[in-house]
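# Structural overview
Okay, here's what each chain looks like letter by letter:
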Amino acid sequence: MTRRQVTFDPHTSPQQRHDKDILFPLKVVAIDENLNVVHQNNVQFDSELPEYRTHGGVHIHADGLTVTSPVLMWVKALDLLLDKMKGAGLAFSRVTALSGAGQQHGSVFWRRGASETLQNLDPQQDLHQLLQESFSVSQSPVWMDSSSTRQCEDLQAAAGGAMRLAELTGSRAYERFTGNQISKVRETRPEDFLNTERISLVSSFAASLFLGGYASIDFSDGSGMNLLDIRSRDWSEICLDAAAPQLGRLLGAPVPSTSVLGPVSSYFVQRYGFSESCRVVAFTGDNPASLAGMRLQPGDVAVSLGTSDTVFLWIQQPSPALEGHVFCNPLDWRAFMALLCFKNGSLTRERIRDESTGGSWELFSLALRDTPLGNNGHMGFYFDSMEITPPAVGVHLFDPDDNKVSSLSPQVEVRALVEGQFLSRRLHAERLGYSITPGTRVLATGGASSNKDILQVLSDVFNAPVYTLDVSNSACLGSAYRALHGMMSQSVTSFFDVVKKAPEAQLVATPHPSAQQHIETSSGPRSSCVVQVHQMSPDPPQMSQMIDIRAQTVWCTARCCSASPDWRRESCRRPAPEPQHPIGYA
């Protein structure tokens, strides 16, 4: 009998999060022991559960800032999904382990007495009927919410500032992060908060349903709360006290992401035919699960080229910053992962394509092939919309002498855009502690990853080979891999030993052997507004030099500074000054 691992995934993928039309499904993937996908299914919240009247799976409240989802909609979606799987003939008795992923940052507030309800579920009834009275807050705050600015300010003040909070928890205060949402619920709905027995993340909430009891929050998803000390991997007492009294009791102790939480609830054994030996592996967040689905290895970087560009990093020694996020690694508890989101991605590339090459991707690619590495010193940073990383807006163009200019020729502008985007991605990755090594791979995904000329620029900028990988449903697939790893962790310690049968990534670009020479030649003299910058690292020195000079210039431009400081000075190795309004929403 073939063993199967199942993953349940109520989430949107990172590359979807800034798209115009976001669909929020509950998805499932089942794999066999050879990592073959044997079943896939989903439930669309809006169309299949219209009684909850969501748009994109959420309710946007009148203030335009508060965004929530009905908890019971998620529960009913699970009922419907399991019924679909049963109708499709999936043999639940063959499932040996299950895990899952949930939208990061969302929270679920369990009412007093819910634990007893979970332990005594009647298999003759649907879950959503049994749990009608189990939630003290019926509308769960989700990652799109930006209504907790004051709570963010309070948390940062308690921690000693935005940078100190980032050093402690991996991120400065964000409105969507769970700790700030909990603080808001405590202040605005005190009776409901007092009636709360347990607070879960979306991931641990889903795991609790399968476990028949409260599931622990895992280290990786817990890192997206502004509450977890990412180095001790325990709740920060400073942050807990700032958010709510006795909050640690409501959250429970966090656990490693590879933990086997226990057997599946008897409810699922009796209602659907799951085996009593089926184990529930800790659920995690959608972004950590995507790292598993892409099978990132130490030193790798994944770049998703979508409407927004997302960068995933596997790092060993993190350096949290005011932009970006550092999480505990879901595959190796001793390591970390970092996440950077750049709002101006494919839509900006499409605008320059339309303006510079008449809407033709072929001519866009030709412009990249016909212009030299380093663009003869011309550079551009394009923030059509207010950028997330860094918080800046506008188009900033520079000539070879670092003079700001109003326009570039069409072909030069194409390369200025693409090189500038990827230089920014690398700079901010390095700020979080990422370093390029001889074994570094860049994994490219998303729509623009089909353009080999764009990927060639990516390879040159990162001075590393670029691979492509089919990672549709990466968070869901990653959770299935994690379920298998969790079951085999007693005998197989490495996640990569478990997934070695998965399809290999395909090599599509290698850095040009003369990239360093071209960029060094094109760097040219620096104007007086940019202090001479020495090589930051030997690999590749001139590319690193350009990254610092140009990106640091825009960094200071966004903050109304008059000059770029010398990176090499101690004062400039520290983070840039905090902006006037450091609370952010990404």
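Everything below is about the structure printed above this text.
Just so it is clear, the structure is predicted and the values come from calculations on it, not from any experiment.

Criteria and thresholds
- Residues numbered from 1 in each chain as written.
- Predicted model: local features only at pLDDT ≥ 70, side-chain atom pairs only at ≥ 80, totals over all residues.
- Heavy atoms only, no water.
- Buried < 20%, exposed > 50% of the residue type's maximum accessible area, 1.4 Å probe, protein only.
- Helix = DSSP H or I, 4+ residues; strand = E, 2+ residues; numbered from the N terminus.
- Core = buried A, V, L, I, M, F, W, Y, C linked by side-chain atoms within 4.5 Å.
- Pairing = 2+ DSSP bridges.
- Axes fitted to C-alpha atoms, helices over the stretch in contact; angles between N-to-C directions.
- Contact = heavy atoms within 4.5 Å.
- Phe/Tyr/Trp six-rings, centres within 6.5 Å; stacked < 30°, edge-to-face > 60°.
- Lys NZ or Arg CZ within 6 Å of the ring centre and 35° of its normal.
- Parallel < 35°, antiparallel > 145°, perpendicular 65-115°, else oblique.
- Nonpolar A, V, L, I, M, F, W, Y, C, P; charged D, E, K, R; others polar.
- Salt bridge = Lys/Arg side-chain N within 4 Å of Asp/Glu carboxyl O.

A word on helix H9 (residues 202-211). It helps to recall that an α-helix has 3.6 residues per turn; residues three or four apart then point in one direction. The element H9 is largely enclosed, with a buried count of ten among its ten residues. For H9, the set of buried residues is Val 202, Ser 203, Ser 204, Phe 205, Ala 206, Ala 207, Ser 208, Leu 209, Phe 210 and Leu 211. Count one or two residues on from H9 and you reach Gly 212, which has phi positive near 70 degrees.

Bringing the nonpolar core into the picture now. Buried together is how nonpolar side chains tend to be arranged in soluble globular proteins. With 75 residues, the main nonpolar core has Ile 182, Leu 227, Leu 247, Leu 251, Leu 313 and Leu 458 as its most contacted residues. No other element matches the eight residues that helix H17 (residues 410-431) contributes to this core. Counting residues in hydrophobic clusters, the runner-up holds 50 residues, among them Val 43, Leu 82, Ala 215 and Tyr 272.

The seven strands are arranged E17-E18-E16-E15-E22-E23-E24 in an open sheet whose pairing can be described as mixed. Looking at which strands have only one partner, the edges of the open sheet turn out to be strand E17 (325-328) and strand E24 (506-509). Across this sheet, the average inter-strand angle for adjacent strands is 25 degrees, counted without regard to direction. In this structure, E17 lies alongside strand E18 (residues 336-342), joined through four bridges in antiparallel fashion. If you follow His 325 over to E18, its bridge partner there is Leu 339. Docked against the sheet, helix H14 (residues 286-294) engages strand E15 (301-305), strand E16 (309-315), E18 and strand E22 (442-445), running at close to 75 degrees with respect to E16.

This next bit is on the packing of aromatic side chains. The description of two aromatic rings rests on the distance between their centres and on the angle between their planes. According to the stated counting rule, one finds 16 aromatic pairs in the structure shown. Judged by centre distance (6.1 Å) and plane angle (70 degrees), the rings of Phe 135 and Phe 205 are edge-to-face. Here Phe 135, found in the loop between helix H4 (127-130) and strand E8 (139-141), pairs with Phe 205, found in helix H9; they are 70 residues apart in sequence, far enough to count as distant. What makes Phe 135 buried here is its relative accessible area of 6%. A connected cluster of aromatic rings, assembled from ring pairs, spans Phe 92, Phe 210, Tyr 267, Phe 268, Tyr 272, Phe 274 and Phe 283. Directly above the ring of Tyr 467 sits Arg 441, whose terminal nitrogen or CZ lies 5.6 Å from the centroid.

This part is about the packing of helix H16 (residues 361-370) against H17. One can describe the packing of H16 onto H17 by two numbers: an axis separation of 8 Å at closest approach and a directional angle of 85 degrees. Here H16 lies roughly perpendicular to H17, going by the angle between them. Contact residues: Phe 364, Ala 367, Leu 368 and Asp 370 in H16; Gln 411, Val 414, Arg 415, Leu 417 and Val 418 in H17. Residue composition of the contact of H16 with H17, by class: six nonpolar, one polar and two charged.

This part is about the pattern of salt bridges. Evaluated as defined, the whole model comprises 18 salt bridges. Notably, a salt bridge pairs Arg 186 with Glu 187, separated by 3.9 Å at the nearest N-O pair. Among the ionic pairs, Arg 189 bridges to Asp 192, the shortest N-O distance being 2.8 Å. Residue classification places Arg 189 among the partly exposed positions, given a relative accessible area of 33%. Given a relative accessible area of 23%, Asp 192 falls into the partly exposed group.

Here we take up the packing of helix H5 (residues 149-159) against helix H6 (residues 162-169). Contact geometry of H5 with H6 gives a least axis separation of 7 Å together with a crossing angle of 80 degrees. Between H5 and H6, the angle is such that the two are roughly perpendicular. Of H6, the residues touching H5 (which contributes Leu 155, Gln 156 and Ala 159) are Ala 162, Arg 164 and Leu 165. Of the residues contributing to the contact of H5 with H6, the split by class is four nonpolar, one polar and one charged.

Spatially, E4-E5-E8 is the arrangement adopted by the three strands of the open sheet, whose pairing is antiparallel. If you trace the sheet from one side to the other, it starts and ends with strand E4 (59-60) and E8, each paired once. Its contacts with the sheet put helix H2 (residues 71-87) on strand E5 (67-70) and E8, and the angle it makes with E5 is roughly 45 degrees.

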